[in-house]
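What the coordinates show
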Amino acid sequence: AQRVTQPEKLLSVFKGAPVELKCNYSYSGSPELFWYVQYSRQRLQLLLRHISRESIKGFTADLNKGETSFHLKKPFAQEEDSAMYYCALFGGYNKLIFGAGTRLAVHP
Amino acid sequence: DGGITQSPKYLFRKEGQNVTLSCEQNLNHDAMYWYRQDPGQGLRLIYYSQIVNDFQKGDIAEGYSVSREKKESFPLTVTSAQKNPTAFYLCASSIVPGNEQFFGPGTRLTVL
């Protein structure tokens, strides 16, 4: 079964602290993975995808096929990073499967 | 921020009524999607369409219907058969399936 698991509903950190939002997936083929972000009062938007290997707004994510993980990391959190983050898997049947989301709260 | 629009922003419905949510895109995207967003459950796929005049059920299609008569439009009807329709509904499009999805601002439906 194709599944995306984000184990933390809420991650609360102080400004300047490192951040790691966890994402694990279940998929038998070669996955395509994404992180989407939803800032307050804004649309859901793509943050990054693993095939592009980019760093967006200081965030990076590495696909670990052995651990079936795609954790999102940032070395120093900023208050403007506070948002809802969704990990998503593009598996078979042309569908994007989303995790339940993690709310990141960065405190001053 | 244009590109993909949804209307109305808020919608109230009495039990037993069907309602239709609008989704329009001017991005010339082939694929369009409808999701339902509930607290703590992420986004769940209701229906998707890869091309005009074709659509497939997603994971929670029961009580919903769609049409794709035009490339730019993918309306969603929430029927009276949907047992728990109060939710936030998101429409998205992508140039082809598997590419980045662009999301609309959403419609919040409340059943009174």
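A few points on the structure. (Residues numbered from 1 in each chain as written. Chains lettered and ligands numbered in written order. Predicted model: local features only at pLDDT ≥ 70, side-chain atom pairs only at ≥ 80, totals over all residues. Heavy atoms only, no water.)

Topic: the overall build of chain B
Convention followed: Strands are runs of DSSP state E lasting at least 2 residues, helices are runs of H or I lasting at least 4, and numbering of each runs from the N terminus. In this description the radius of gyration comes from C-alpha coordinates, and the expected globular size is given by 2.2 Å times residues to the power 0.38. The buried label goes to any residue with under 20% of its type's maximum accessible area, the exposed label to any with over 50%, and the partly exposed label to all in between, with areas taken from a 1.4 Å probe on protein chains only. Here, residues are in contact when the closest pair of their heavy atoms is within 4.5 Å. The Shrake-Rupley method, run with a 1.4 Å probe sphere, supplies the accessible areas, and residue values consider only the shown protein chains as cover. Just so you know, the count uses Lys and Arg for positive and Asp and Glu for negative, and it drops His and the chain ends. A charge is said to be at NZ when it belongs to Lys, at CZ for Arg, at CG for Asp and at CD for Glu.
Of regular secondary structure, chain B possesses 0 helices and 11 strands. Each helix and strand of chain B, placed in order from N terminus to C terminus, yields the pattern β-β-β-β-β-β-β-β-β-β-β. Relative to the 2.2 N^0.38 estimate, which gives 13 Å for 112 residues, the radius of gyration of chain B is 13 Å and therefore close to what a compact globule would have. On the principal axes, the C-alpha backbone points of chain B span a range of 35 × 25 × 25 Å. Per-residue burial over chain B gives 50% buried out of 112 residues. Considering only residue pairs separated by 6 or more positions, chain B has 54% of its internal contacts joining residues 24 or more positions apart. A total of about 5300 Å² of accessible surface is found on chain B, and carbon and sulfur atoms cover 49% of it. Taking the 11 positively charged and 11 negatively charged side chains of chain B as two groups, their mean positions are separated by 7 Å.

Section: the interface of chain A and chain B
Our working definition: Once two parts are brought into contact, the accessible area they lose, counted with a 1.4 Å probe and summed over both, makes up the buried area. Counted as salt bridges are all cases of a side-chain nitrogen of Lys or Arg within 4 Å of a carboxyl oxygen of Asp or Glu. A 3.5 Å cut-off defines polar contacts: any pair of N or O atoms within that distance qualifies, except that in protein one atom must be a possible hydrogen donor and the other a possible acceptor, and neighbouring residues in sequence count only when both atoms are side-chain atoms.
At the junction of the two partners, chain A supplies 17 residues and chain B supplies 22 residues. Interface area for chain A against chain B, summed over the two sides, is near 1700 Å², with a carbon-plus-sulfur share of 51%. Sorting the residues of chain A by area buried against chain B places Arg43(A), Asn94(A) and Lys95(A) first, and these three jointly supply 36% of that buried surface. Linking chain A to chain B there are 1 salt bridge. Here Lys95(A) ties to Asp59(B) by a salt bridge, and the two come within 3.0 Å at their closest N and O atoms. Between the two partners, chain A and chain B, sit 7 residue pairs in polar contact (both at pLDDT 80 or more). When contributions to the side of chain A that touches chain B are tallied by element, the ones reaching two or more residues are strand S5 (32–38), strand S6 (45–49), strand S9 (83–90) and strand S10 (96–98) of chain A.

Here's the deal with the sheet that holds strand S8 (residues 72–74) of chain A
All names here are of chain A. Going by this rule: A pair of strands is labelled paired if DSSP reports no fewer than 2 bridges between them.
Read across the open sheet, the 3 strands follow the order S3-S8-S7; overall the sheet is antiparallel. The two strands at the open ends of the sheet, each matched to only one other strand, are strand S3 (19–21) and strand S7 (60–61). The pairing of S7 with S8 spans 2 bridges and is antiparallel. Note on S8: the bridge partner recorded for Ala-61 is Leu-72.

Details of the pattern of salt bridges
All names here are of chain A. According to the stated counting rule, one finds 8 salt bridges over all chains in the structure shown. Here Glu-20 ties to Lys-73 by a salt bridge, and the two come within 3.6 Å at their closest N and O atoms. Of the two residues, Glu-20 is situated in strand S3 and Lys-73 in strand S8; the sequence distance between them amounts to 53 residues. The exposure class assigned to Glu-20 is partly exposed, which follows from its relative accessible area of 28%. Take Lys-73: its relative accessible area is 39%, and that puts it in the partly exposed class. We note a salt bridge from Asp-81 to Lys-74, for which the minimum N-O separation is 2.8 Å. Assessed through its relative accessible area of 10%, Lys-74 is described here as buried. The network of salt bridges with shared partners includes Glu-20, Lys-22 and Lys-73.

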